[in-house]
Amino acid sequence: MKKVLLGLVLTVFTVVSVMAQSRTITGKVTSADEPEGIPGVNVQVQGTAVGAITDIDGSYVVEVPQGSNILVFSFVGFTTQNVSIGNRSEVNVILQADVRELSEVVITALGVERNRNELAYSAQEVQGEQITRTRTPNFVDALSGKVAGLDIRSNNTMGGSTNVIIRGYSSITGNNQALFVIDGVPVSNANNNTANQSSGRVGTDFGNAAADLNPDNIESVNVLKGAAATALYGSRAANGVIMITTKKGRKNSLNITVNSGVTWTSIDKSTFARYQKEYGAGYGDEFRTPADLGSGVGPVVRFQDDASFGPAFNPNLMVYQWDAIDPFSPNYGKMTPWVAAENDPSTFYETGLNSNQSINISGGGDETTFNLGYTRNDIKGNLPNSWIDKDQFNFNASYDASERLTVTASANYTRTAGMGRYGTGYNGRNPNQQFRQWWQTNVDLKEQEAAYWRNEQNITWNWNAANSGPIYSDNLYWTRYQNYSNDSRDNFYGFASVNYKVADWLSVMGRASFNTTEDLQEERMAIGSADVSEYTRFNRGFNETNFDLMLSFNKDISSDISFNGLLGSNLRRSRVSSIRASTNGGLVVPGLYSLSNTVSAIEPPTEIFERVGVDGIFANANFGYKEKLFLELSARQDKSTTLPEGNNTYFYPAVAANYVFTEDFTSSWLTHGKIRANYAEVGNDAPALSVFDVYDAVTGFGDKPIFSMPSTRNNNELIPERQKSIEAGVELDFFNSLFGFDVTWYRSNTINQIIPVNTSAATGYTRRFVNAGEVQNHGIEVSAFVTPIQTQDFTWTMNVNFSRNRNEVISLYGEGENKVENVPLASFQGGVSVNAAVGQPYGVLRGTDFIYFDEAKTQKVVNSSGYYMATGRSDEIIGDPNPDWIGGVNNTFSYKGFNLGFLIDIRKGGDVFSLDQWYGEGTGLYPETAGLNDKGNPVRSPVEEGGGILLPGVKEDGSPNDIYAGNYNGNGNTAFGYAANGANGTPRAMYVYDGSFVKLREVALSYSLPQSIVGDWGVVKGVDLQLIGRNLWIIHKNMKYSDPEEGLSSGNAGRGYQSGAYPAVRNYGFNVRFNF
Amino acid sequence: MKKIFIYLVSMVLFASCVDNLDDFNVDQKKASQVPPGTLFTGAVKNLTDVMTTPNVNTNNYRFYVQHWTSTQYLDEPRYNMTSRTIPQNMFQTLYRDVLMDLNDAKRLIQENDLMDPDVKDNQLAQVEMVEVYAWSILLNTFGDVPYSQALNRDISLPAYDDAATVYNDILTRLDAALDRIQLTADGFGNADVLYDSDMAMWVKFGNSLKLKLAMVLADVSPDQAQSLVEEAAPNVFTSNADNAAFPYLSNAPNNNPVSENINPLRTSREDYVPANTLVDAMNELEDPRRARYFTQYNGEYKGGRYGFTNSYSEVSHVHDDIIALDFESLLLDYVEVEFLLAEAVERGFNVGGSAAEHYNAAVTASFDYWGAPGAAAYLAKPAVNYSSASGDWKQKIGKQKWIALYNRGFDAWLEWRRLDAPTLLPPVVEGLDFTVPTRLIYPVNEQTLNGANRNAAADAIGGDQSSTKLWWDTN
């Protein structure tokens, strides 16, 4: 493995030789395993930017400025050594192997570099190569399974949003997403999807802003999990931080990397609906009244019935189908055989493409370094007419203006343009609403496609009564090509900083950083659609500016006691300004999408203008004793404008300690051991504009203006919320890094939460901001590595991540008689809600449950007609969307230049209610709703004719069920889903599934051309070839026809509920990388 | 060195000194002060919308009285109240979007010391009458509801009050509002969509409302009902011109909610058709109003089978006039006033005239309102004529009132519960047992948001069932 690492380093870094003023130090770096020398070791003059890299022989030359006397030798896999030069001119060093990847320098909060040994909190790093391994356009998705305690939930929509949760949900209604920080600059990961979108109603998933970050520009990602690690970032970091370090140039070098990757995507049919092929359109076993539509009187399909509980297929029966109405169809006015469709809806999905081309140039001179990158990413989605283009530019540079003064700047720009993003939820723009819920199994998708393309008209299978247009469902090709959305986002982030070394123990840094995004989203509903034609436009501008001033010092108290720290201040100003407007009453001119093209005057647009200012001061002090005992103290005070005056200042401390006990107790088998513990508090402010009450403006009635009391009651007595967390862990490394692990236990309690709780409408409000509630998360995280085989040519290493979080809502608000026991987070279609309930895990699903005969809840009771009985109340807890545990197993095999890696991603537990099954079984789409019963008769035949279905369970008296339930919808009675039991539906609990899965998430086979070949190519220093695959195989799941990972959106209510779920997408292709 | 250090430290700390950012907390896009009339207009519109809409998520009363039925989706005609949050939508609209806005309008008016006291009295009276109207809907829908502790920003879990007690209180408030009216002064002016601030009309409206609300108590406390009815009767509506009609506009979102759910300009859905129960009854009487209520199918009026699936293309539809974007909606009308007076006579209350006279006036006014010809001939039919029509007075009035209250689902449902006529049978489906609702169940989210109070109320009214009868529904 080390050899591989060395090889990699060699191809990336070139030999550096530094020419300069002061004294020249040379030397050689070796280790016990590598007596001939270790190439690629970073040799840094402590406290300066001056440094060098060892060459192929492990030799180095470094110019040490006057006043400096310590060289820092660091390299992945070895203990960093600080070596005093004294008056030597040659410094040879023997590095000690250390816990692999647990010992290197890590970037911590505010960009402070720390030796991992000194850290007293859990932080897990993922290298850039691990992130770009399968060329995922959104780098966040590539973190799944790679970090213990990090729960990534990506959706299957093209460029869709991804949920990033560290150590569970802690805020009841606030933001639970991790904070993204790039090179010390917090950047937006806003999800601008509408509230309707995230609660499963009409919407389009436009993704979140983290997708704008260029994966090829990432050097490493460090996940800071607990409050002790993140406290210096202030309140926003309470949910953990994804710290991204971008690639930097090296002095006196030039490196050019060109990367070209292409992957193809196709849907995983095991996550899509399968259809019964016995019965066609209708809610009941009948056609429409026979009519003459052109070739004589014949049965007419019930076009309006968006269900497949109709007459049995019969190839000898000729009927008028939807295309008999279409004057341009070859079947116009003709009867066609009554058979199941040849091309079912899965044929709607196309093969997608993801092309990723990037170039990165980095290097530097004596006093400068720079890195310049450009990436072009073209994504073609799996739905017709969908694509995303991304152009990503990155630049950073630093310049040592003098020995004491270094200036650094970074500028990054991403332009994303999207077309035909996927409609989600219960929405005509989501094709899965038809495919999974309301469909006729006789409709051939390819014929629908042909019908659209003949004249680009909305020729639907779902004609209205007058056969003049669609009643509910449009032709989906019409939907994709006419009712499409488009969007763009310009995302800029960057900073300029000045670092001045006042003395060799003291430096001051000033930094101004900026992030701004401009979003445009346009949505269309064309004239001729089932819905009223409409054009909606959303413009949103966001910017955030941070000014940091930081004083860092490093002054050892004695030779045994080190002391360093910082004192700083941060001014943050952010602003959101957005406007959303729609046409009113339809469009006048077809195909013109403009707000002026409106039938009636447009309603007043929704304008939002929010500003937030937070000023913080912070301090941090680190004490070290003999490189084995460390103590870190931090504190921060923030003053936020979102809180009422008087309550707007809050202070929070953190303390952390660790002990590297292998410094005191050495053993042959235990190479490295450390225990750590910390306690931290973090304060948090309120969402903007939640203090003072205002009125809502409503569209006036003619010339009469209307205002209305808001539905949310604000609160001018809010106080800051607070998270208190405690964490302890142990890191062990055995047999010189043959195997090792890191175990962390944590508990965090978030109290005084600022939540807009739902309240009884009888209060006059449906929500009110209160300070209340406590949520606790506790759990363990384990990350382990083992190298089962290591020979000269072959190495097998395995990394395992496991985390188990337990979450409980301890309290909500109110006391005594007024105690509130439940806060609904979202109420979904189907009578299912997601809730924060006292004593329960966050986000439990409520709905009607089965009635059980026994306490153990094994015997479901059926009524006198054989249908499952449901509880009278729909607030029974029927599911918990929180997984029992999540984990990832990453294997890497290397043999000479070959490297095979694969990642298995596992989630155990986590319940999901499927509206798709609830409706789709009720409308008779799925095989479960047809076939024969145990008497050998069709389940859809009348019970009196021996049909019906015998549901497993007991009768009300406890005896085994022997009542066949009618399963034909003509009178509103199926045995399934929404239509069962006289339209009261089956218990919702019947459609709650276990969301466990085991997925082969990533496979990558790479081959680096050996130096023996590349060496002859002149400028080319290295070539890597890769075959890659992502989401190739779902090894195990319990949801029959969908991907258990699929949710609605990112956000608090976006999990545990599926409606119009998109199938999982497989990704496979190749990648070539050249180094020059 | 030390000096530099101290200087740097103070610079770092100084940098964080917050300037005055208090206005960051002020929403620059929303009003913190509004004229009370704007709240009044909005509340009246929201009230009318919720009473008018046929949207199955909110208002299914047209189904309950079998004026309409659905084509494909049977949940609501079969009285399911939980697969959609129907009671919740009704409850929420009335409390949050009607009563809360009225409540705040009242606060703003009362706090305004610079206002003409007469105008102030009139505005308060207008607010109060609409509030009484809204409260009566809540009480007559659910029974016990939060009242004394409702709409109070300091009480997050309002207790439910006894419906009969609250009902008496709103009747008292209605009297007080009537007493406040100053006929010579203005009220809300242009903000009054119903009567354009004609206070004489508000006197009629208040008295007609009083007549209607009092009659609800006629079975349970006849003496109280009698005195209230007799007080109100001299000042009630005297023609259709007096109707409390909300004049919807043709532009969304101010179009009639019926059009929003049926008119092809606003929706492609074909969910609602007239039910056979009403159509057959009117066919039997050859009622000329059919031509105004329904379209024809194959030269006849054919209703959809109530509670079963129906082919939209094979039955009559709701008349084009009713689904027009700007079709007006009635909150209270002269027709029902005359029916109430007929009933008052039958109950022996002293309101003048005979039951037949009022009955005839009611039917005639209904014909006039709908523009249907031949009221006299219709009234002459033995099956219609008050002297010869079958049944007791409740059945005679009940049947004609049920027909006349077409497109006013809630009121038709209220009168059906009160008069117990006509007979409405739930759909008969083997293995299933349906009962026509006599109330809405409490919103499901009251179970989770206000559970203890809701449970106490459920016990107090005899169970939170849709078949529970309200306190005045004693027959």
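Keep in mind it's a predicted model, so treat the numbers as computed, not measured. (Residues numbered from 1 in each chain as written. Chains lettered and ligands numbered in written order. Predicted model: local features only at pLDDT ≥ 70, side-chain atom pairs only at ≥ 80, totals over all residues. Heavy atoms only, no water.)

**Topic: the overall build of chain A**
What counts is decided by this rule: Strands are runs of DSSP state E lasting at least 2 residues, helices are runs of H or I lasting at least 4, and numbering of each runs from the N terminus. Our radius of gyration looks at C-alpha atoms and nothing else; its globule reference is 2.2 Å times the residue count to the power 0.38. Only protein chains enter the accessibility calculation, which uses a 1.4 Å probe. A residue is then buried if its area is under 20% of the maximum for its type, exposed if over 50%, and partly exposed in between. It only takes one pair of heavy atoms within 4.5 Å for two residues to be counted as in contact.
Each helix and strand in chain A was counted, giving 10 helices and 56 strands. Since a compact globule built from 1076 residues should have a radius of gyration of about 31 Å, the 32 Å found for chain A is in line with a globular shape. Residues classed as buried in chain A amount to 62% of the 1076 residues present. If you take every contact in chain A between residues at least 6 apart in sequence, the share linking residues at least 24 apart comes to 69%.

**Some remarks on the overall build of chain B**
The line we're drawing: Reported accessibility uses the Shrake-Rupley method at a 1.4 Å probe radius. Residues are deemed covered only where the shown protein chains occlude them. When charges are counted, Lys and Arg contribute as positive and Asp and Glu as negative, whereas His and the chain ends are disregarded. Where a charge sits is defined by one atom per residue type, namely NZ (Lys), CZ (Arg), CG (Asp) or CD (Glu).
A count of helical and extended segments in chain B gives 18 helices and six strands. A globule of 475 residues ought to have a C-alpha radius of gyration of about 23 Å, and chain B, at 26 Å, matches this closely. Overall, chain B is about 110 × 55 × 45 Å in size when its C-alpha atoms are taken along their principal axes. Counting the 475 residues in chain B, one finds 63% classified as buried. In the form shown here, chain B has an accessible surface area of approximately 16700 Å², with 49% of it arising from carbon and sulfur atoms. Each charge class in chain B can be summarised by its mean position, and for the 37 positive and 63 negative side chains these summaries are 5 Å apart.

**Quick look at the pairing of strand S43 (residues 774–790) of chain A**
Residues and elements named next belong to chain A. Heads up, the condition is: Paired strands are those between which DSSP finds at least two bridges.
Relative to S43, strand S40 (residues 739–751) is paired through 12 bridges, and the arrangement is antiparallel. Of the residues in S43, the one forming a bridge with Tyr 746 is Gly 779. Inspection of the sheet shows S43 paired to strand S44 (residues 794–811) by 15 bridges, in the antiparallel sense. From the neighbouring strand, Ile 780 faces S44, where its bridge partner is Arg 804. From the end of S43 to the start of S44, which pair antiparallel, there are three residues.

**Some points on the nonpolar core**
All names here are of chain B. Counted only if it meets this: What is meant by a nonpolar core is a set of buried Ala, Val, Leu, Ile, Met, Phe, Trp, Tyr and Cys residues, joined one to another through side-chain atoms within 4.5 Å.
Of all hydrophobic cores here, the largest spans 160 residues; its most connected members are Tyr 95, Trp 135, Trp 202 and Phe 205. Looking at which element gives the most residues to this core, the answer is helix H5 (residues 117–142), with 14 residues. If we ignore the near neighbours within four places in the chain, the residues touching Trp 135 are Tyr 95, Leu 99, Val 145, Pro 146, Tyr 147, Ala 150, Leu 151, Ile 170 and Arg 173.

**Structural notes on helix H15 (residues 393–404) of chain B**
All names here are of chain B. Stated precisely, the cut-off is as follows: For a helix, the expected span equals 1.5 Å multiplied by the residue count minus one.
Look at H15: 16 Å from first C-alpha to last across 12 residues, which is about the 16 Å you get at 1.5 Å a residue. Most of H15 is tucked away, with 10 of its 12 residues classed as buried. Summarising the contacts, the buried residues of H15 are in contact with helix H10 (276–285), helix H11 (290–293), helix H12 (334–346), helix H13 (355–370), helix H14 (375–380) and helix H16 (409–419).

**Examining a nonpolar patch on the surface**
The condition is simple: Each patch is built from salt-bridge-free residues with over 30% relative accessible area, joining like charges within 9 Å and nonpolar side chains (Val, Leu, Ile, Met, Phe, Trp, Tyr) within 5 Å. We define a salt bridge as a contact between a side-chain nitrogen of Lys or Arg and a carboxyl oxygen of Asp or Glu at a distance within 4 Å.
On the surface, Trp 264, Leu 353, Tyr 895, Phe 898, Leu 900, Leu 1005, Leu 1027, Tyr 1068 and Phe 1070 of chain A cluster together into a nonpolar patch covering about 770 Å² of accessible area. Of all the secondary-structure elements, those providing two or more residues to the nonpolar patch are strand S50 (898–908) and strand S56 (1065–1075) of chain A.

**Re the interface of chain B and chain A**
Cut-off, in case you're wondering: Buried area is a sum: the accessible area each of two parts loses on coming together, probed at 1.4 Å, counted once for each and added. Side-chain atoms alone can form a polar contact between residues adjacent in sequence; in general such a contact is a pair of N or O atoms within 3.5 Å, and within protein one must be able to donate a hydrogen while the other accepts it.
Opposite the 96 residues of chain B that make contact, chain A presents 101 residues. Taken together, both faces of the contact between chain B and chain A bury some 8300 Å²; the carbon and sulfur share is 57%. When the buried area of chain B at its contact with chain A is split by residue, Phe 24, Asn 25 and Arg 153 of chain B rank highest and sum to 10% of it. Counting the contacts that link chain B with chain A gives three salt bridges. Between Lys 29 of chain B and Glu 607 of chain A there is a salt bridge, with the nearest N and O atoms lying 3.1 Å from each other. Where chain B meets chain A, there are 29 residue pairs in polar contact (both at pLDDT 80 or more). Among the secondary structure elements, those contributing two or more residues to the side of chain B that touches chain A are helix H1 (2–15), helix H2 (36–52), helix H4 (86–111), helix H17 (444–449) and helix H18 (451–460) of chain B.

**Concerning the confidence of the model for chain B**
Our working rule: Each residue carries a pLDDT value, the predictor's own confidence for that position, ranging from 0 to 100.
Averaged over every residue, the pLDDT of chain B is 93; the share at 70 or more is 95%. Two summary scores accompany this predicted model of the complex, namely pTM at 0.86 and ipTM at 0.93.

**Quick look at the sheet that holds strand S52 (residues 992–994) of chain A**
Residue and element names in this part refer to chain A. This is how the line gets drawn: Working convention: axes come from line fits to C-alpha atoms, limited for helices to the stretch in contact. Angles between N-to-C directions cover 0 to 180 degrees.
With respect to topology, three strands assemble into an open sheet ordered S52-S51-S55, the strand pairing being mixed. In the strand order of this sheet, the two ends are held by S52 and strand S55 (1057–1058), each with one partner. Across two bridges, the pairing between strand S51 (residues 911–914) and S55 is parallel. Within the sheet, the bridge partner assigned to Ser 914 lies in S55 and is Gln 1058. Lying over the sheet, helix H8 (residues 915–922) contacts S51, S52 and S55, oriented at roughly 35° with respect to S51.

**With respect to the packing of aromatic side chains**
The geometry of an aromatic ring pair is captured by the separation of the ring centres together with the interplanar angle, meaning the angle of the planes. The line we're drawing: Stacked, tilted and edge-to-face are the three classes assigned to paired rings of Phe, Tyr and Trp, where Trp is represented by its six-membered ring and a pair needs centres within 6.5 Å; plane angles under 30 degrees give stacked, over 60 edge-to-face, the rest tilted.
Under the definition given, this model contains 87 aromatic pairs over all chains. Ring plane angle 40° and centroid distance 5.5 Å describe the contact between Phe 802 of chain A and Trp 885 of chain A, whose orientation is recorded as tilted. Residue Phe 802 of chain A is located in strand S44, and its partner Trp 885 of chain A is located in strand S49 (residues 885–895); the two are separated by 83 residues in the primary sequence. Overall, Phe 802 of chain A belongs to the partly exposed group, its relative accessible area being 25%. Given a relative accessible area of 29%, Trp 885 of chain A falls into the partly exposed group. Judged by centre distance (6.3 Å) and plane angle (80°), the ring pair of Phe 339 of chain B and Tyr 359 of chain B falls under edge-to-face. On the criterion of sequence distance, the pair formed by Phe 339 of chain B in helix H12 and Tyr 359 of chain B in helix H13 is long-range, its members being 20 residues apart. What makes Phe 339 of chain B buried here is its relative accessible area of 0%. Tyr 359 of chain B gets classed as buried once you look at its relative accessible area, which sits at 1%.

**Details of the packing of helix H6 (residues 163–180) of chain B against helix H8 (residues 222–232) of chain B**
Residue and element names in this part refer to chain B. Quick note on the threshold: Between 65 and 115 degrees an angle is taken as roughly perpendicular, under 35 as roughly parallel, over 145 as roughly antiparallel, and anywhere else as oblique. For any helix crossing, the convention is left-handed if the near helix is rotated counterclockwise from the far helix by under a right angle, and right-handed if that rotation is clockwise. By the convention adopted, Pro, Cys, Tyr, Trp, Phe, Met, Ile, Leu, Val and Ala count as nonpolar, Lys, Arg, Asp and Glu as charged, and the other residues, Gly among them, as polar.
Viewed as axis vectors pointing N to C, H6 and H8 meet at an angle of 20°, and their least axial separation amounts to 13 Å. Taken together, the axes of H6 and H8 are roughly parallel relative to one another. Taken as a pair, H6 and H8 cross one another with a handedness that is left-handed. Contacts between H6 and H8 involve Asn 168, Leu 171 and Asp 175 from the former and Gln 224, Leu 228 and Glu 231 from the latter. The residue makeup of the contact of H6 with H8, split by class, is two nonpolar, two polar and two charged.

**A few points about the side chain of Arg 408 of chain B**
All names here are of chain B. Here Arg 408 is to be found in the loop between H15 and H16. A relative accessible area of 7% means that Arg 408 is categorised as buried. Only 2.9 Å separates the side chain of Arg 408 from the side chain of Asp 411, close enough to count as a polar contact. Ignoring anything within four residues of it in the chain, the contact list for Arg 408 reads Lys 212, Leu 330, Leu 331, Leu 332, Asp 333 and Glu 336.

**A short note on the confidence of the model for chain A**
Residue and element names in this part refer to chain A. Mean pLDDT over chain A: 88, with 95% of residues reaching 70 or higher. Every residue in residues 1–21 scores below 50 in pLDDT, and together they form 47 contacts with partners more than four places removed in sequence or on other chains. Within the model, the stretch residues 99–103 combines pLDDT values under 50 with 19 contacts to residues more than four positions away or in other chains.

**Notes on the side chain of Gln 437 of chain A**
Position of Gln 437 of chain A among the secondary structure elements: in the loop between helix H5 (431–436) and helix H6 (445–455). The contacts of Gln 437 of chain A, once residues within four sequence positions are left out, are Asp 306, Tyr 426, Asn 432, Leu 915, Asp 916, Tyr 919, Gly 920, Thr 923, Leu 925, Ser 1059 and Gly 1060 of chain A.

**Quick notes on the pairing of strand S35 (residues 670–684) of chain A**
The side chains of a regular strand alternate between both faces of the sheet. Residues and elements named next belong to chain A. For S35, a buried count of 11 out of 15 residues is recorded, marking the element as mostly surrounded by other parts of the structure. Alignment of strand S34 (residues 649–659) against S35, held across six bridges, turns out to be antiparallel. Each residue of the ladder has a partner; that of Ala 656, found in S35, is Asn 678. As paired strands, S35 and strand S39 (residues 721–734) are joined by 14 bridges and run antiparallel to one another. Among the inter-strand pairings, Glu 681 is bridged to a residue of S39, identified as Lys 724.

**With respect to the pattern of salt bridges**
Tallying each qualifying case throughout the model produces 76 salt bridges over all chains. Among the salt bridges present, the one from Lys 704 of chain A reaches Asp 703 of chain A, with a minimum N-O distance of 3.4 Å. Across the pair Asp 411 of chain B and Arg 408 of chain B runs a salt bridge whose closest N-O atoms are separated by 2.9 Å. The exposure classification of Asp 411 of chain B matches that of Arg 408 of chain B, with both residues buried.

**Regarding the sheet that holds strand S14 (residues 185–187) of chain A**
Residue and element names in this part refer to chain A. With respect to topology, five strands assemble into an open sheet ordered S10-S16-S17-S13-S14, the strand pairing being mixed. Only two strands of the sheet have a single partner each, and these edge strands are strand S10 (123–127) and S14. Geometrically, the sheet is characterised by an average inter-axis angle of 25° between neighbouring strands, direction not taken into account. In the sheet, strand S13 (residues 179–182) pairs with S14 via three bridges, with the strands oriented antiparallel. Residue pairing for S14: Phe 180 is matched across the bridge by Val 187.

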